[in-house]
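So you can see what is in the structure, the chains are spelled out below.
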Amino acid sequence: MMEKILILDFGGQYNQLIARRVREQQVYCELHPHTMPLEEIRRFDPIGIIFTGGPHSVYLPDAPRPDPGVFGLGVPILGICYGCQLLAQSLGGLVTAAGDASAREYGKTETFFDLTCALFRDLPETSVTWMSHGDYMARIPEGFRLAAHSAACPTATICDEERHFYGVQFHPEVSHTTFGREMLHNFLYTVCGAHGDWTMADYLRRSVEELRERVGDGRVLLALSGGVDSSVLAALLSEAVGSQLSCVFVDHGLLRKNEGDEVAAAFADRALDFRRVDASARFLERLRGVTEPEEKRHIIGEEFIRVFEAEAKAIGAVDYLAQGTIYPDVIESGLGQSAIIKSHHNVGGLPDYVDFKEILEPLRLLFKDEVRQLGRELGLPESLVARQPFPGPGLAIRVIGDVTAEKLSMLREADAIFREEMAKAGLDQTASQYFAVLTNLRSVGVMGDGRSYDYAVALRSVQTSDFMTADFTRLPWDLLDRVSVRIVNEVKGVNRVLYDITSKPPATVEYE
């Protein structure tokens, strides 16, 4: 049986990053709400449990708590930030509000470690951690000892090594904690006894077996966008169910320049039942006058389903709808106590009623880089596996405000210019994602000795390993100059070009 770590979600902003860090160490994990019943936890059979951070105070009556039986399972537990305070409060300690402002800590903090604690084995005695807490452990539970401190916090780490319970007041999962990955490695391998058996080759084998058993002799309709996620899923399903699969590419009129034809060409020579549906008119009509981003996403999500339902009837007797949903989609659409960042069209944007026996989402628990690795295991070409992500709602969420055919045309041209110049500069393979956005800002300009009052285009380029966090790309000024000149000269209706230098967080990669 594969070794598994259970991560219980208490609503913190870095919860999915914890999962990513665990997976990076070749240990499988899943993130579940803190309300997960004890019997389900037992059936999950984890070798270790991690309590995430969260925005709550553990001493309040409505503070989120797990089933208290989790402490009696004999399984190692690591509590992070709120999870640390929860561990202390639940086992007889005392957590209070930090009355003295000096006891509150936010940001990079010099921290001192007791290297006899298993979490800190083979690490330096002093390094930087990332703190983010306003509460304070005034008393630690019986059986625990202190294992790290900072100038303001004597209880930066607590541990009961007999029961394998550990609590850290800082966040080891973020890159700002200098040796955070090593601390998590120590918890996984030294404390929990992991061997590192999580690989894409094994995931592929198990996924194919599970899909064959689940689908049986049923038929599957795949919502194929031509992007990395749905393309990898097409290969996976083809491996699992073969001729029982039909791939439907819905051209919703919100694609980049020439993209519909490029997707059709990419799958023309593959042994797949590939169907292209031109639904651009119906999507544009449904979006007429809609300006609110979440409403756009919900409309697009529902319209996708309705088109797929119609195609399923044309194909005949389709049982399953397959989607290339991945973990970041699920996360940003809201999970457990976590806030909804934005509803992805294939998750939070789905209608209440779907006319299929079941929705298949085999990639639902994978991060983007894991999906790419799965594609390589399936033998897909690197040109397809390494393709930049493109949102399912397409250009509808890159046109700020109402979506019209005229605005889409302007954005397609501006985006194509940006992409062309990035490729000429040799930066198309180094930036993780880059694109143009048609803002809702109009401003005065001078065009041909006359006054103009036209739109501003924003350019966005980011670097990221997992799309959970991202930093803006430091593009050369001469490149931005060329792009700006070309867009203003070649795209009618645009008189200003801006470059977005905001990282994620606080921004997201996309604008809507």
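Above this text you will find the structure in question.
About the criteria used
Residues numbered from 1 in each chain as written. Predicted model: local features only at pLDDT ≥ 70, side-chain atom pairs only at ≥ 80, totals over all residues. Heavy atoms only, no water. Helix = DSSP H or I, 4+ residues; strand = E, 2+ residues; numbered from the N terminus. Buried < 20%, exposed > 50% of the residue type's maximum accessible area, 1.4 Å probe, protein only. Contact = heavy atoms within 4.5 Å. Areas by Shrake-Rupley, 256 points an atom, 1.4 Å probe, with all protein chains shown as cover. Lys, Arg positive; Asp, Glu negative; His and termini not counted. Charge placed at Lys NZ, Arg CZ, Asp CG, Glu CD. Core = buried A, V, L, I, M, F, W, Y, C linked by side-chain atoms within 4.5 Å. Salt bridge = Lys/Arg side-chain N within 4 Å of Asp/Glu carboxyl O.

A. Up close: the overall build of the chain. Looking only at helices and strands, the chain features 14 helices and 20 strands. Along the first, second and third principal axes, the C-alpha set of the chain runs to 75 × 65 × 40 Å. Across the 512 residues that make up the chain, the buried fraction comes to 57%. Looking at the chain alone, contacts between residues at least 24 apart form 74% of all its contacts between residues at least 6 apart. Here the chain displays about 21,200 Å² of accessible surface, and carbon together with sulfur accounts for 50% of that area. If you average the places of the 52 positive and of the 73 negative side-chain charges in the chain, the two averages end up 4 Å apart.

B. Broad picture of the nonpolar core. Counting 86 residues, the largest nonpolar core has L222, L236, F308, L374 and I487 as the members making the most contacts within it. Ranked by residues supplied to this core, first place goes to helix α6 (residues 228-241) with nine residues. The next biggest cluster of nonpolar side chains, apart from the first, holds 37 residues, and it includes F113, A118, M183 and F187.

C. Fine view of the pattern of salt bridges. If you walk through the whole model with that rule in mind, you get 38 salt bridges. Where R205 meets E209, a salt bridge forms, and the shortest distance between an N and an O atom there is 3.5 Å. Highlighted residues: R205 and E209, both in helix α5 (residues 200-215), separated by four residues, approximately one helical turn. Take R205: its relative accessible area is 42%, and that puts it in the partly exposed class. The class for E209 is partly exposed, based on a relative accessible area of 45%.

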